[in-house]
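Descriptive analysis of the structure
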Amino acid sequence: MAGFTFNITDMAAMMNAKDVVTKKIVELVKENPKVCYINSDGTGHSGPIRDIYEAYPDRVLDVGIAEMNLVTVAAAMAKKGYIPFGQTFGPFLCVRALDQIHNDLAYNDLPVRLIGTHGGLTSGYGPTHNTIVEFGIMNSIPNMTMIAPCDANQCVKMLDASLTYPGPIYIRIPRGEEPAVYNTDYDYQIGKAIEVKAGKDATIIATGSGVYNSLQAALLLQEQGLDVAVIDMHTIKPIDKDAIVKAAQATGNLITVEDHNILGGLGSIVADVLMEAGVPARLKKIGIPDTFISLGYPEEIYPYLGFDGPGIAKTVLEFCK
Amino acid sequence: MAKVNLKDVPALIEKAGDIRKGICRSARYAGNVHIGGPLSATDITVALYYKYMGFDPEDTENPERDMFILSKGHNGILLYSIFCDMGMHDWHELWDNYNKIGHTFGPHPNRKLVRGIEVSTGSLGHGLNWCVGFAHANRNEGITSRIYCLLGDGEMEEGSNWEAIMYAASHKLNNIVAIVDNNHCSASFLSGENIQWNSMADCWRAFGWDVREIDGTNMYEIDKTLAALPAVDFDNPGKPVCIISNTTKGQGVSYMMERSYAWHIGGLDDEKLAETEALIEAYTAQQQERKG
């Protein structure tokens, strides 16, 4: 399909998702009197979020270091007709406040948008600050939508799309220093995967920070004569079943790439779809082995786990032999 | 199904007796239900629904309404009995179809199934956090109605409560009224057997709340306390208010009060129901003898 170009210049087009997302949040709060923004000691002592915190005392809140409160307060604002965005460190949001997500967002079925930052291993702060479980968790909670944008610009598109989307959404953003995948405009729809590169020999289905690295891998493989497609599976739930089935039928070799525990994540969800559809295809899952990775920044961990372009290319090549 | 407004205390006492009977009949006809906690919270909840909230069974979504958040969600049967009494729902739906697939009423209230329920609860320690969000939303729109939250003393062991408690006082959300039904018994322990509060009132005070500790079995005292709540004034906000309502689990039914730990959940047969209704009538008559 293609139709647009993707970014192939390594770190040159690096974006800062947090800044871009912050700018978008500020814009939404200012433009839409129904948008609220709730943080957990992330307002900052000065800066753009602090400014709106001062300016809109009943619509821009900071609950302090109290993630459980954050989630339920957001649910209550949604019940009152507001569109709340609640943002904090991923692990404390989706693990510590899981009871609140399960009951107050999902069971009560209220349109809260949770933004969990530092997705996967991107924090570099060790297992307490890594978030490696949320795909599996959110996938098994009824009413939830789970999104993992791959770059800052997609975050912005996703925030816009979320304004009118029903029910609760968990948005997983990485550290915020990921290179841009896309450098031209494109249509973005929650639940609709994007084929960022066509290919006939195999398909990499990637999400979040894995999309950029998968593209790098596909380029390396091109040089070695392997024509690999890359799909940006930005929505984990509801998963785009058609895209998976089509890819399986077209190439027969699927590789999933995610910065998430290998168990219960994108790879497992893709496997579910394949089995249920009865489509014969081979599947290789690239993800975090079922273990706690104690030390290291993503720049080191990604190559170590084979998540970087060359690492993914090596795995794909072996798989397609 | 018009709005009910019981002005005088004897009428509220009589209504509390009716609701207690409704709860106990449910324990006969619906099967095992949570019973001790709903009975201890009956008096103050009746005073709110039949007098102070101006609750309108025909207009439960009015943005300016007072709200009642049942944080101790296992007291659903108390609200169901009030709603059935008001004609919002049918007693037979409650008694014949309790916890049945495709029906209305279950052990914990679901806001989508039971009209009148503000939020689906059941997991403890969520109600006050809901109140914080509602309080901000109302203040943002200049709505000065109150948000009442009913909690259990056992429930106060949940840490999430204290996140909301410190936040609400810090941000002067004085449109919240927290009510702790201090019935001195959780599912397993009598007060002080396990967790030591020393003084629950002091705990709330230390977090910046205006605490009023009352005899939650005395409708005159409940009435005075609710009548004397400070006005919600966003320009001169005071502290949020916590009412600690001292009761006994199973309040109104002597044999349950004596062994309250055995009556967290219970069912009654015909004979036991007849005995229980007689006890409730006697208890209600005694309450009418009390003076303000």
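Attention in this report is confined to the structure presented alongside it. Source: prediction; values computed, not measured. (Residues numbered from 1 in each chain as written. Chains lettered and ligands numbered in written order. Predicted model: local features only at pLDDT ≥ 70, side-chain atom pairs only at ≥ 80, totals over all residues. Heavy atoms only, no water.)

1. A few points about the pattern of salt bridges
This structure, assessed with the given rule, holds 25 salt bridges over all chains. With its nearest N and O atoms 2.8 Å apart, the salt bridge here joins Asp-43 of chain B to Arg-20 of chain B. Pair noted here: Asp-43 of chain B is in helix H3 (residues 42-52) and Arg-20 of chain B is in helix H1 (residues 9-29), with a separation of 23 residues, a long-range link. Notably, a salt bridge pairs Arg-205 of chain B with Asp-202 of chain B, separated by 3.0 Å at the nearest N-O pair. On the criterion of helical spacing, the pair formed by Arg-205 of chain B and Asp-202 of chain B is a turn pair, its members being 3 residues apart in helix H8 (residues 200-206). The class for Arg-205 of chain B is partly exposed, based on a relative accessible area of 41%. For Asp-202 of chain B, a relative accessible area of 44% translates into the label partly exposed. Overlapping salt bridges, with partners in common, bring together Lys-24, Glu-27 and Asp-160 of chain A in one network. (Salt bridge = Lys/Arg side-chain N within 4 Å of Asp/Glu carboxyl O. Helix = DSSP H or I, 4+ residues; strand = E, 2+ residues; numbered from the N terminus. Buried < 20%, exposed > 50% of the residue type's maximum accessible area, 1.4 Å probe, protein only.)

2. Focus: the environment of Val-119 of chain B
Considering the arrangement of structural elements, one finds Val-119 of chain B in the loop between helix H5 (91-96) and helix H6 (127-140). For Val-119 of chain B, a relative accessible area of 3% translates into the label buried. C-alpha of Val-119 of chain B to C-alpha of Ile-69 of chain B: the two residues are 50 residues apart in sequence and 6.9 Å apart in space. In this structure, Val-119 of chain B is in contact with Lys-79 and Asn-108 of chain A together with Ile-69, Pro-109, Arg-111, Trp-130 and Phe-134 of chain B, ignoring residues within four places of it in sequence. (Contact = heavy atoms within 4.5 Å.)

3. Points about the sheet that holds strand S5 (residues 145-147) of chain A
Residues and elements named next belong to chain A. Judged by pairing direction, the sheet is mixed, and its 7 strands sit side by side in the order S2-S1-S3-S4-S6-S5-S10 without closing on themselves. Every other strand in the sheet has two partners, leaving strand S2 (60-62) and strand S10 (235-237) as the edge strands with one partner each. In this sheet, adjacent strand axes meet at a mean angle of 20° when their direction is disregarded. (Pairing = 2+ DSSP bridges. Axes fitted to C-alpha atoms, helices over the stretch in contact; angles between N-to-C directions.)

4. Some remarks on the sheet that holds strand S8 (residues 202-206) of chain A
Residues and elements named next belong to chain A. Spatially, S7-S9-S8-S11-S12 is the arrangement adopted by the 5 strands of the open sheet, whose pairing is mixed. Here the strands that pair on one side only, and so sit at the sheet edges, are strand S7 (194-197) and strand S12 (282-288). On average, each strand axis in the sheet is tilted by 25° relative to the strand beside it, whichever way the strands run. The sheet contact formed by S8 and strand S9 (residues 228-232) spans 5 bridges and is parallel. Each residue of the ladder has a partner; that of Ile-204, found in S9, is Val-230. Of the strands in this sheet, S7, S8, S9 and strand S11 (253-261) are in contact with helix H8 (residues 210-223), which crosses S9 at around 170°.

5. Re the packing of H6 of chain B against helix H7 (residues 159-170) of chain B
Packed helix pairs are characterised by how far apart their axes lie and by the angle those axes make with each other. Residues and elements named next belong to chain B. Put simply, H6 and H7 touch, their axes get as near as 8 Å, and they point 30° apart. In terms of axis orientation, H6 runs roughly parallel to H7. Across the interface between the two elements, Leu-128, Asn-129, Val-132 and His-136 of H6 pack against Ser-160, Asn-161, Ala-164, Ile-165, Tyr-167 and Ala-168 of H7. A class-by-class count of the residues in the contact of H6 with H7 yields 6 nonpolar, 4 polar and no charged. (Parallel < 35°, antiparallel > 145°, perpendicular 65-115°, else oblique. Nonpolar A, V, L, I, M, F, W, Y, C, P; charged D, E, K, R; others polar.)

6. Comments concerning the interface of chain A and chain B
Each partner contributes to the interface: chain A provides 28 residues, whereas chain B provides 29 residues. When the buried surface of chain A facing chain B is broken down by residue, Asp-58, Lys-79 and Lys-80 of chain A rank first, second and third, together holding 27% of it. Lys-34 of chain A is the partner of Glu-141 of chain B in a salt bridge, and the nearest nitrogen-oxygen pair spans 3.6 Å. Seen at the junction of chain A and chain B, the total is 17 residue pairs in polar contact (both at pLDDT 80 or more). Of all the elements in the fold, those that place two or more residues in the side of chain A that touches chain B are S2, helix H3 (67-79) and helix H5 (98-107) of chain A. Considering each element in turn, the side of chain A that touches chain B owes the most residues, 9 residues, to H3 of chain A. Each residue belonging to the side of chain A that touches chain B can be placed in one class, and the counts come to 13 nonpolar, 5 polar and 10 charged. (Buried area = accessible area lost by both parts, 1.4 Å probe. Polar contact = N/O pair within 3.5 Å; in protein donor to acceptor, adjacent residues only side chain to side chain.)

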